[in-house]
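# Structural overview for review
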Amino acid sequence: DNFPIRGNSGVSLDDIPKNLLSDFNKMLNYKLIILNYGVNVASPEKTNYIWYRNKMIKVINNLKQIFPDAAFLLISVNDRVFKKGTKFVTDPSILMVLNEQKIIAQQTGIAFWNCFEAMGGENSMNDWVSQGLGRKDYSHFSDTGGKLIADMLTEAILNIK
């Protein structure tokens, strides 16, 4: 199943009735739940994301209770750049959200995959766009880039020791 909600930060998952999620689990017996949120939280106007950390910790802990037999994986934000002078540089808010996501995974005891690092780290979206792997908005993957990220994630999951 996929809960794609454009512009969602992930914190609204707590708004889904717990009995509904529990019923889904009874029918489908989930084994892995992947959470991929955060880019829409990042904003150049914000300098503190502790509120996001606290809410996502609550969301994940609630989900762990509803889906006790499932493993959880948090996928980090990807690189997103903006124009600064004549260069495109990583949005500093992406780095702040990434840091909070690492803490979220650590404090909830779930697996974490660093998409930002897998892309190449800071300013990597520039290379992705120039190679046709990122869109010209310097935030989103192209279809080819999305497939590459999916392949990288699949490889990481399959090679867990």
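Structure's up top.
Here is what the cut-offs are and how they apply
Residues numbered from 1 in each chain as written. Predicted model: local features only at pLDDT ≥ 70, side-chain atom pairs only at ≥ 80, totals over all residues. Heavy atoms only, no water. Salt bridge = Lys/Arg side-chain N within 4 Å of Asp/Glu carboxyl O. Helix = DSSP H or I, 4+ residues; strand = E, 2+ residues; numbered from the N terminus. Buried < 20%, exposed > 50% of the residue type's maximum accessible area, 1.4 Å probe, protein only. 1 Å grid on protein atoms, 1.4 Å probe; cavity = no way out; pocket = protein on both sides within 12 Å on 5 of 7 lines; lining within 4 Å. Points joined across faces, edges and corners; volume = space filled by probe spheres on them. Patch = residues over 30% accessible without salt bridge, like charges linked within 9 Å, V, L, I, M, F, W, Y side chains within 5 Å. Areas by Shrake-Rupley, 256 points an atom, 1.4 Å probe, with all protein chains shown as cover. Pairing = 2+ DSSP bridges. Axes fitted to C-alpha atoms, helices over the stretch in contact; angles between N-to-C directions. Contact = heavy atoms within 4.5 Å.

Two side chains bearing opposite charge may form a pair once their charged atoms approach each other closely. For the coordinates displayed, the defined rule picks out 6 salt bridges. Here R53 and E100 are joined by a salt bridge, their closest N and O atoms 2.4 Å apart. Here E100 lies in helix α3 (residues 92–108) and R53 lies in helix α2 (residues 50–66), a separation of 47 residues in the sequence. Residue classification places E100 among the buried positions, given a relative accessible area of 8%. Between D143 and R135 there is a salt bridge; the shortest N-O distance is 3.3 Å. Here D143 falls in the exposed class, since its relative accessible area comes to 64%. For R135, a relative accessible area of 39% translates into the label partly exposed. Taken together, the shared-partner salt bridges connect D14, K18 and K58 into one network.

The next thing to look at is empty space enclosed by the protein. Within this structure, the stated rule accounts for 1 cavity of 30 Å³ or more. Only α1 (18–28) and α2 provide two or more residues apiece to the lining of the largest cavity. Tallying contributions element by element places α2 first for the lining of the largest cavity, with 4 residues.

With that settled, the discussion passes to a nonpolar patch on the surface. A surface patch of nonpolar side chains, amounting to about 470 Å² of accessible area, comprises L32, I34, I157, L158 and I160. Those elements giving two or more residues to the nonpolar patch turn out to be β1 (32–36) and α6 (143–158). Relative to the assigned elements, L158 resides in helix α6.

Glancing now at the pairing of strand β4 (residues 87–90). Of the strand pairs in this sheet, strand β3 (residues 81–84) and β4 are connected by 4 bridges, and their pairing is antiparallel. What sits directly across from K83, in β4, is F88.

Judged by pairing direction, the sheet is parallel, and its 3 strands sit side by side in the order β1-β2-β5 without closing on themselves. This sheet does not close on itself; its edge strands, each paired only once, are β1 and β5 (111–113). Direction aside, neighbouring strands of the sheet carry axes that sit 25° apart on average. Where β1 and strand β2 (residues 71–75) come together, 5 bridges link them in parallel fashion. Considered in β2, the bridge of L35 is made with L74. Packing against the sheet, α3 makes contact with β2 and β5, and its axis sits at approximately 155° to β5. Packed onto the sheet, α6 meets β2 and β5 and runs at close to 145° relative to β5.

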